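Understanding the architecture of this molecule
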Amino acid sequence: MSETLSSFIHAVEGFSEAIGKERNLKLHFAIGSFVLLISYVLELTANELLWLIFAVFSVIGMELLNTLVESIMDLYEIKPHPTVKFVKDVAAGIVLWYSLFAVVVGVIVLGRAMFGWSQSVGKLIALIFVLLFPTVSLIWRVVSSWRKRR
Ligand SMILES: Nc1ncnc2c1ncn2[C@@H]1O[C@H](COP(=O)(O)OP(=O)(O)OP(=O)(O)O)[C@@H](O)[C@H]1O
């Protein structure tokens, strides 16, 4: 067997193991397939289609990365550990962030094609996401430190 073919088989093995293990990965595949199937019946420009595909592949790629990080961390320390918690939480945050990106792309592309929405809707949602995260984390930190002091 050629080296390229065996690398490909290993990659497929990794993929199928990750899909079997991770419920979220199955969910992202299901949503991604649904969105791409819908794109067949909509009038999309080549650019819009490329953004949809980019969003779907990005979320699945980041979910695979998250699975990888979780497995490495479990190998490193299975018992509760603050660094493991931090690393796993940040890895989950990456998936969430890319999922929000996919939502924005979906709103802009599918919103226009299905409901005739203007770009302002997508722009507003993107702005809310970008503003929301630092704001919520700031409030969270203030409330946590206030509770600790009491
Ligand atoms: N060893 C650990 N020490 C501290 N916290 C941990 C540890 N393992 C898991 N956690 C916490 O539990 C959360 C879920 O981790 P877990 O490994 O169970 O992933 P999961 O349930 O498969 O998550 P996901 O839905 O992101 O795939 C982590 O984000 C982290 O906050």
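All residue numbers refer to positions counted from 1 along the written sequence of the respective chain. Reporting in this predicted model follows two pLDDT cut-offs: at least 70 for local features of residues, and 80 or more for side-chain atom pairs to be given and counted; totals over whole chains, interfaces and linings ignore these cut-offs and use all residues. Side-chain descriptors were evaluated using all non-hydrogen atoms of the structure, hydrogens and water having been removed beforehand.

- The protein goes by UDP kinase in an unreviewed UniProt entry, where it is assigned to Pseudothermotoga hypogea DSM 11164 = NBRC 106472.
- UniProt positions are given in the numbering used here, feature names are shortened, and annotations may be inferred rather than shown by experiment. In the Subcellular location (unreviewed entry) part of its UniProt record, the protein is described as follows: "Cell membrane".
- In its Sequence similarities (unreviewed entry) section, the UniProt record describing the protein reads: "Belongs to the bacterial diacylglycerol kinase family."

1. Examining the pattern of salt bridges
- Any carboxyl oxygen of Asp or Glu that lies within 4 Å of a side-chain nitrogen of Lys or Arg is treated as forming a salt bridge with it. Under the defined criterion, the tally for this structure stands at three salt bridges.
- Lys88 is paired through a salt bridge with Asp74; the nearest N and O atoms lie 2.7 Å apart. Separated by 14 residues along the polypeptide, Lys88 in helix H4 (residues 82–115) and Asp74 in helix H3 (residues 46–76) bring together distant segments of the chain.
- Linking Asp89 and Lys85 is a salt bridge whose minimum nitrogen-to-oxygen distance equals 2.7 Å. A residue pair is termed a helical-turn pair when its members lie 3 or 4 positions apart in one helix, as Asp89 and Lys85 do in helix H4 at four residues.
- Three exposure classes are used, based on accessible area relative to the maximum for each residue type with a 1.4 Å probe and protein chains only: buried under 20%, partly exposed in between, and exposed over 50%. Using a relative accessible area of 53% as the deciding quantity, one classes Lys85 as exposed. Numbering of helices and strands runs from the N terminus, with a helix taken as a DSSP run of H or I at least four residues long and a strand as a DSSP run of E at least two residues long.

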